[in-house]
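So the chains spell out like this:
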Amino acid sequence: MNKSRRNFLKLAGGAAAGLCFGSAGVALASEGAHRGPYVEESPKAFTAKRWAMVVDTRKLKTAEDIQPLVDACHSVHNVPDIPTKQDIKWIWSDTYEHGFPTTENNHLSEDVEHRAFALLCNHCENPPCVRVCPTQATFQRPDGIVMMDFHRCIGCRYCMAGCPFGARSFNFQDPRPFIKKENPEFPTRMRGVVEKCTFCSERLDNGQMPACVEASKGAVLFGDLTDKDSEVRKALRENFTIRRKPSLGTEPGVYYII
Amino acid sequence: MQYGGKIVIGLVIFVGLLLLPTVYDLGAGSAGYKQPKLQMPAPPNDKNCVEDTEWMRKNHMQLLNDWRDWVVRDGKTVYVNSHGEEFEISLQNTCMKCHNDKEQFCDKCHETAEVTPYCWDCHLAPKGAK
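Residue numbers here run from 1 along each chain, matching the order of that chain's written sequence. Chain letters and ligand numbers both follow the written order, the letters beginning at A and the numbers at 1. Totals for whole chains, interfaces and linings use every residue, but because this is a predicted model, local features are given only for residues with pLDDT of at least 70 and side-chain atom pairs only at 80 or more, for both listing and counting. By convention in this description, side-chain values take in all heavy atoms of the structure and omit both hydrogens and water.

Caption draft 1: Inspection of the overall build of chain A at higher detail. Secondary structure elements follow DSSP: runs of H or I no shorter than four residues count as helices, runs of E no shorter than two count as strands, and numbering proceeds from the N terminus. If you tally the helices and strands in chain A, you get nine helices and 11 strands. Buried positions account for 43% of the 258 residues belonging to chain A. The long-range fraction of contacts in chain A, counting pairs at least 24 apart against all pairs at least 6 apart in sequence, stands at 65%. Relative accessibility thresholds used throughout: buried, under 20% of the residue-type maximum; exposed, over 50%; partly exposed, between the two (1.4 Å probe, protein chains only). Between two residues, a contact is recorded if the distance between any of their heavy atoms is within 4.5 Å.

And the structure:
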């Protein structure tokens, strides 16, 4: 009796161990044969720990200087041109007074007072729009880009109220009739969603620089803020720069050389 | 059982109405469903789909759902399918480059199945067939 119980236990133990190793072996073998499906980053992708932009306002001085950047951005992203207050903009030009109201000073140098500034989403390190979005349609990527997932946007416009830089636009109407020439490679948006600059995340992920950077002929630099040898860090080291409304603490990622 | 007869008749009518959709569906609905004739990709796009045809028929909506999250939320743009082949993840630049006749492919099936994906409010269909 005793002996047979012992045998039984031995056998059961052996069988259990066999099962363990056996199934592990099978699992490993099938892992080796399994090739997909899976997803990966494109090998061409540009990557960074924190993307940032430096705009040289000594080179981009007037609205005419900035217009090619606006055209480049708006045509690749199918941004409509609506001739009313309901216009949509990802990048635009404005005055020092409007762009930098918290750093306005009396008797500004005439040059700066009349200069035009290229304004766009600042891709803040502490983005208020992300905090208020109830659906996480706007969120922060690990590389610092404040991204819009247009599929999730319900058009509540909290983000527009949260953004201190006026960088977001709402589609009050179907934008398609106002798009002069559609880019067939990129979607449009629809009535009832908010949109803004995405730092060209779709281009970076495919190994292309942002459209406005390409169109600026070197007047706008783009790179990794955490890499001290990057073009942007070099420009910040060598020039006096300012950011929009720094006292709010959102830590904008767009710098302006004055 | 004063109103017995009336109650029974009422019950029969009620149950009959209740079952009508199911009975109708069994007859004409699912059993009568025939996949419409689709415009299949012409050469050189008649290579295999991103996954097997049978699997795509059943799962393309789920796949597209995953595709958009992978690109928009995770920044992953390359899909390696179950045979190890690579595809750029894009509705307009991958699916619709092969299936370039949306009306005679996607729409035809969806009309028969009475689904209206809202993707085309934003995504642009290939030119020529709108």
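Caption draft 2: Quick look at the overall build of chain B. What chain B contains, in helices and strands, is four helices and two strands. Counted from the first residue to the last, chain B has its helices and strands arranged as α-α-β-β-α-α. For 130 residues, the compact-globule estimate of 2.2 N^0.38 gives 14 Å, and chain B exceeds it by more than 25% at 22 Å. The dimensions of chain B, computed from C-alpha atoms along their principal axes, are 75 × 35 × 30 Å. Taking all 130 residues of chain B together, 29% fall into the buried category. Atoms considered for the radius of gyration are the C-alpha atoms alone. The globule rule reads 2.2 Å times the number of residues to the power 0.38.

Caption draft 3: Quick peek at the interface of chain A and chain B. Between chain A and chain B, the contact holds 30 residues from the first and 29 residues from the second. The term buried area means the drop in 1.4 Å probe accessible area that two parts suffer when joined, counted for both and summed. In this assembly, chain A packs against chain B so that about 2500 Å² is buried in total across both faces, 51% of it on carbon and sulfur atoms. Of all residues in chain A, the largest losses of buried area upon contact with chain B belong to Val39, Glu40 and His151 of chain A, amounting jointly to 24% of the total for that side. Take a side-chain nitrogen of Lys or Arg and a carboxyl oxygen of Asp or Glu: if they are within 4 Å of each other, that pair is a salt bridge. Between the two partners, chain A and chain B, sit three salt bridges. Notably, a salt bridge pairs Lys127 of chain B with Glu182 of chain A, separated by 3.3 Å at the nearest N-O pair. N or O atoms within 3.5 Å of each other form a polar contact, as long as, within protein, one can give a hydrogen and the other can take it, and as long as residues adjacent in sequence are counted only when both atoms are side-chain atoms. At the junction of chain A with chain B, the criterion picks out 15 residue pairs in polar contact (both at pLDDT 80 or more). Considering every element that reaches the side of chain A that touches chain B, the biggest residue donor is strand E1 (residues 38–40) of chain A, with three residues. Classes in brief: Ala, Val, Leu, Ile, Met, Phe, Trp, Tyr, Cys and Pro nonpolar; Asp, Glu, Lys and Arg charged; the others, Gly included, polar. Within the side of chain A that touches chain B, the residues separate by chemical class into 11 nonpolar, eight polar and 11 charged. Inspection of the sheet shows E1 of chain A paired to strand E1 (residues 78–80) of chain B by three bridges, in the antiparallel sense. Along E1 of chain B, the bridge assignment pairs Tyr38 of chain A with Val80 of chain B. At least two bridges found by DSSP between two strands is the condition for calling them paired.

Caption draft 4: Representation of helix H2 (residues 53–72) of chain B in the model. One axis fitted to the seven residues ending at a residue, another fitted to the seven starting there: the angle between these axes is the bend at that residue. Along H2 of chain B, the helix axis deviates most sharply at Asn59 of chain B, where the bend reaches about 75°. Every buried residue of H2 of chain B is listed here: Met56, Leu63, Trp67 and Val72 of chain B. Buried residues along H2 of chain B sit in contact with strand E5 (138–140) and strand E6 (146–148) of chain A together with E1, strand E2 (86–88) and helix H3 (91–98) of chain B.

Caption draft 5: Molecular detail of the packing of aromatic side chains. For this analysis, a ring pair means two rings from Phe, Tyr or Trp (six-membered ring only for Trp) whose centres lie within 6.5 Å, classed as stacked if their planes differ by under 30 degrees, edge-to-face if by over 60, and tilted for the remaining angles. Evaluation of the coordinates by the stated rule reveals 10 aromatic pairs over all chains. Note on Tyr96 of chain A and Phe100 of chain A: the rings are 5.2 Å apart at their centroids and 20° apart in plane angle, and the pair reads as stacked. Note on accessibility: Tyr96 of chain A and Phe100 of chain A belong to one class, buried. Where Phe170 of chain A meets Phe172 of chain A, the ring centres are 5.0 Å apart and the plane angle is 85°; that geometry is what we call edge-to-face. For Phe170 of chain A, a relative accessible area of 12% puts it in the buried group. Two limits define a charge over a ring: the Lys NZ or Arg CZ must be within 6 Å of the ring centre, and within 35 degrees of the ring normal. Between Lys89 of chain A and the ring centre of Trp92 of chain A, over which it is positioned, the NZ or CZ distance is 4.3 Å. A cation sits over an aromatic face here: Arg73 of chain B above Phe139 of chain A, 4.1 Å from the ring centre.

Caption draft 6: Here's a closer look at the nonpolar core. Residues and elements named next belong to chain A. In plain words, nonpolar cores are sets of buried Ala, Val, Leu, Ile, Met, Phe, Trp, Tyr and Cys residues tied together by side-chain atoms within 4.5 Å. Judged by nonpolar contacts, the single largest core of 40 residues is most densely connected at Met53, Val55, Leu120, Phe199 and Tyr256. For this core, the elements supplying multiple residues, two or more each, are strand E2 (51–56), helix H2 (63–76), strand E3 (91–95), strand E4 (116–120), helix H8 (211–215), strand E9 (220–224) and strand E11 (254–257). It is E4 that provides the largest number of residues to this core, a total of five residues. In this structure, Phe199 is in contact with Trp51, Ala52, Met53, Leu120, Cys121, His123, Ile145, Leu204, Pro210, Phe222, Gly253 and Val254, ignoring residues within four places of it in sequence.

Caption draft 7: Inspection of the sheet that holds E1 of chain B at higher detail. Here three strands make up an open sheet; going across it, the order is E1(A)-E1(B)-E2(B) and the pairing antiparallel. Of all the strands in the sheet, just E1 of chain A together with E2 of chain B have a single pairing partner and so form its edges. Taken pair by pair, the neighbouring strands of this sheet meet at an average axis angle of 30°, ignoring direction. Axis definition: a line fitted to C-alpha atoms, limited for helices to the stretch in contact. Angles are taken between N-to-C directions and run from 0 to 180 degrees.

Caption draft 8: Representation of the state of the cysteines. Here, the term disulfide refers to a pair of cysteine sulfur atoms separated by no more than 2.5 Å. Scanning the entire structure with this criterion turns up zero disulfides over all chains. Left without a disulfide partner, Cys163 of chain A is nearest to the cysteine sulfur of Cys129 of chain A, which lies 6.3 Å away. Cys109 of chain B carries a free sulfur, and the closest cysteine sulfur to it, the one in Cys106 of chain B, is 8.7 Å from it.

Caption draft 9: Representation of the pairing of E9 of chain A. Residue and element names in this part refer to chain A. Most of E9 is tucked away, with five of its five residues classed as buried. Sheet analysis places E2 next to E9, joined by five bridges and oriented antiparallel. Paired with Val55 across the two strands is Val220, which belongs to E9.

Caption draft 10: Just the side chain of His110 of chain B, in detail. Along the chain, His110 of chain B falls in helix H4 (residues 103–113). Ignoring any residue separated from it by four or fewer positions in sequence, one finds His110 of chain B in contact with His60, Val115 and Pro117 of chain B.

Caption draft 11: Main features of the domain arrangement of chain B. Each domain of chain B was delimited in the assignment, giving domain 1 (1–32) and domain 2 (44–121). Just the C-alpha atoms count here: the centres of domain 1 of chain B and domain 2 of chain B sit 42 Å apart. Here the limits of each domain have been adopted from an automatic or database domain assignment.

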